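One-letter residues, chain by chain:
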Amino acid sequence: MTEVTERFFESLPARAPEILVGLADGTLQIDLGTDNVTEHWLVRMRPGAVHVSRHRGPADAIWYSSMALFDRLVTGEAQGVAAVLRNESTFSGNVVLFLAFRRFFPDPPGTRDPREVAREQAGRQA
């Protein structure tokens, strides 16, 4: 387990109230593989709250990713949906949970809010 991934999972409960405001309600099992070892994370999501544990268990959805890819996801260097569509990772089950969970990942480095860019451009034109 890498330190960046460990910190990411530790941060989820504190970040959940601002991120999980929608209909996500269920359990997502995340399996992270490297070499011949698979680490398991069980993420129980409900509106405004997350509980994270290092177990396998009954889940409404399962997402498998390599550890290297997941590290890139938690640093914003890769995108979850694109990784699934390219078969770099696999997902099965309730897709709403996957779509809600991906909101925890940061934007790519250098990404800016388009509203901020528009305000800057408007200020230059004035």
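All figures in this text were calculated on a predicted structure; none of them were measured in a lab.

### Side note on the sheet that holds strand 1 (residues 26-34)
So, point 1. Here we have five strands laid out as an open sheet, ordered 3-2-1-4-5, and mixed in their pairing. Each having just a single partner strand, strand 3 (49-53) and strand 5 (90-93) make up the two edges of the open sheet. With strand direction ignored, the average angle separating the axes of adjacent strands in the sheet is 20 degrees.
So, point 2. Contacting strand 1, strand 2 (37-46) and strand 3, helix 1 (residues 3-19) runs over the sheet at an angle of about 150 degrees to strand 3.

### Observations concerning the pattern of salt bridges
So, point 1. In total, this model carries six salt bridges according to the counting rule given.
So, point 2. Between R54 and E6 there is a salt bridge whose closest N-O contact spans 3.5 Å. Note that R54 is positioned in the loop between strand 3 and strand 4 (61-66) and E6 in helix 1, a separation of 48 residues in sequence.
So, point 3. Assessed through its relative accessible area of 40%, R54 is described here as partly exposed.

### Side note on the nonpolar core
So, point 1. Within the largest apolar cluster, 30 residues are counted, with the highest numbers of intra-cluster contacts made by F9, I30, F70 and F101.
So, point 2. Listed by contribution, the elements that provide at least two residues to this core are helix 1, strand 1, strand 2, strand 3, strand 4, helix 2 (67-74) and helix 4 (95-101).
So, point 3. Setting aside its immediate chain neighbours within four residues, F70 contacts T5, F8, F9, I30, L32, W63, S65, F101 and F105.

### Observations regarding the side chain of S89
So, point 1. Secondary-structure assignment places S89 in the loop between helix 3 (80-85) and strand 5.
So, point 2. For S89, a relative accessible area of 1% gives the class buried.
So, point 3. A polar contact is formed between the side chain of S89 and the side chain of W63, at a distance of 3.1 Å.

### Re the pairing of strand 2
So, point 1. For strand 1 and strand 2, the ladder comprises nine bridges, and the chain directions are antiparallel. Its bridge partner being in strand 2, T34 is matched across the sheet by V37.
So, point 2. Counted between consecutive antiparallel strands, the loop separating strand 1 from strand 2 contains two residues, among which D35 sits at a positive phi close to 50 degrees.
So, point 3. When strand 2 meets strand 3, the two strands line up antiparallel, connected through five bridges. If you follow V43 over to strand 3, its bridge partner there is V52.

Cut-offs applied
- Residues numbered from 1 in each chain as written.
- Predicted model: local features only at pLDDT ≥ 70, side-chain atom pairs only at ≥ 80, totals over all residues.
- Heavy atoms only, no water.
- Pairing = 2+ DSSP bridges.
- Helix = DSSP H or I, 4+ residues; strand = E, 2+ residues; numbered from the N terminus.
- Axes fitted to C-alpha atoms, helices over the stretch in contact; angles between N-to-C directions.
- Contact = heavy atoms within 4.5 Å.
- Salt bridge = Lys/Arg side-chain N within 4 Å of Asp/Glu carboxyl O.
- Buried < 20%, exposed > 50% of the residue type's maximum accessible area, 1.4 Å probe, protein only.
- Core = buried A, V, L, I, M, F, W, Y, C linked by side-chain atoms within 4.5 Å.
- Polar contact = N/O pair within 3.5 Å; in protein donor to acceptor, adjacent residues only side chain to side chain.

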